[in-house]
Amino acid sequence: QLMESGGGVVQPGGSLRLSCEASGISVNTYGMHWVRQAPGKGLEWVAFIRYDGSYEEYADSVKGRFTISRDNSRSTLYLQMHSLRPEDTAVYYCAKELGEYSGYGAEACDIWGQGTMVTVSS
Amino acid sequence: DIQMTQTPSSLSASIGDTVTITCRASQSIDTFLNWYQQKPGKAPKLLISAASSVQNGVPSRFSGTGTGTDFTLTITSLQPDDIATYCCHQSYNTPYTFGRGTKVEIK
């Protein structure tokens, strides 16, 4: 399973780092995504990282503010978030891709974490 | 960005009915189309990948068709456990985008 942590309440302009730890499954050969869902809204893709960490992609809404990374020795995915805005308020999910060794994130996500809530508010 | 237009936004059907949800992409996405089921307070669950590949463990009453811009998710013989929101997802190119979802309720 995947287990996110690190969410919480932060003021606008603040920073948070989310973590996603895999247990019972191997994620080291799979691309990983962060996807978020604002309260009462649909899903929004945030970022992707290749299985070996050599390639990343971001949604325009977070580019330059968020950084995705991974530590395969710890089976852990991260999302470093800076300059947070109220519109970043959402449940953040990490998700594993369906196929191994995917290069560019063009895969469905078959395993998701339970999500961690990020609230940006003064 | 590729826009995913999903219809209807909600529907009400009886147990045993056949339910059809459609998703239209603003440009061709080949078969890079996935369907998820999401229940309140829970993470999405992958039902169908690559437009028509039903995932292991997903009941056979779920099926998907389509290619290019038009896709369909069909639930044959709706069951009480199928009450959820269903959304489509294009993984053709970034930014990967989702439909707004279809909320399925029991009549």
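If you're wondering where the values come from, they're calculated on a predicted model, not measured in any experiment.

All names here are of chain A. An order of β1-β3-β8-β7 is seen for the four strands of this open sheet, with the pairing classed as antiparallel. The open sheet has two edge strands with one neighbour each: β1 (2-5) and β7 (66-71). Between one strand and the next, the sheet's axes are offset by a mean angle of 15°, whatever the strand orientation.

Moving on, we come to the interface of chain A and chain B. Each partner contributes residues to the interface: chain A has 18 residues there, and chain B has 17 residues. Taken over both partners, the interface formed by chain A and chain B buries close to 1400 Å², and the fraction arising from carbon and sulfur atoms is 64%. Between the two partners, chain A and chain B, sit zero salt bridges. Counting across the chain A and chain B interface gives five residue pairs in polar contact (both at pLDDT 80 or more). If you list the elements that add at least two residues to the side of chain A that touches chain B, you get β4 (30-37), β5 (43-49), β9 (90-100) and β10 (109-112) of chain A. Residue composition of the side of chain A that touches chain B, by class: 10 nonpolar, four polar and four charged.

What follows concerns the layout of surface pockets. Quantified by volume, the largest pocket comes out at close to 590 Å³. Lining the largest pocket are 24 residues, and of these A:G42, A:L43, A:E44, B:T97 and B:F98 lie nearest its centre. For the lining of the largest pocket, the secondary structure elements donating two or more residues are β5 of chain A together with β10 (97-98) of chain B. The element best represented in the lining of the largest pocket is β5(A), accounting for three residues. When the residues that make up the lining of the largest pocket are grouped by side-chain class, the tally is 10 nonpolar, six polar and eight charged. The calculated volume of the second largest pocket comes to roughly 460 Å³. Sorting the residues of the lining of the second largest pocket by element identifies β9 of chain A together with β9 (84-90) and β11 (102-106) of chain B as the ones contributing at least two each. Of all the elements, β9(B) adds the most residues to the lining of the second largest pocket, at three residues.

Glancing now at the state of the cysteines. All names here are of chain A. Taken as a whole and judged by the stated rule, the model has two disulfides over all chains. Between the sulfur of C20 and that of C94 lies a disulfide, 2.0 Å long from S to S. Taking the torsion about the sulfur-sulfur bond, which here is approximately 65°, the covalent link between C20 and C94 counts as right-handed. With C20 in strand β3 (residues 16-22) and C94 in strand β9, the pair connects residues that are 74 residues apart, well separated along the chain.

Now for the side chain of A:T116. All names here are of chain A. Looking at the element boundaries, T116 is found in strand β11 (residues 116-120). According to the relative accessible area criterion, T116 is buried, its value standing at 9%. Excluding residues that lie within four positions of it along the chain, T116 makes contacts with E4, S5, G6, G7, L18, A90, V91 and Y92.

Rules used throughout
Residues numbered from 1 in each chain as written. Chains lettered and ligands numbered in written order. Predicted model: local features only at pLDDT ≥ 70, side-chain atom pairs only at ≥ 80, totals over all residues. Heavy atoms only, no water. Pairing = 2+ DSSP bridges. Helix = DSSP H or I, 4+ residues; strand = E, 2+ residues; numbered from the N terminus. Axes fitted to C-alpha atoms, helices over the stretch in contact; angles between N-to-C directions. Contact = heavy atoms within 4.5 Å. Buried area = accessible area lost by both parts, 1.4 Å probe. Salt bridge = Lys/Arg side-chain N within 4 Å of Asp/Glu carboxyl O. Polar contact = N/O pair within 3.5 Å; in protein donor to acceptor, adjacent residues only side chain to side chain. Nonpolar A, V, L, I, M, F, W, Y, C, P; charged D, E, K, R; others polar. 1 Å grid on protein atoms, 1.4 Å probe; cavity = no way out; pocket = protein on both sides within 12 Å on 5 of 7 lines; lining within 4 Å. Points joined across faces, edges and corners; volume = space filled by probe spheres on them. Disulfide = S-S within 2.5 Å. Buried < 20%, exposed > 50% of the residue type's maximum accessible area, 1.4 Å probe, protein only.

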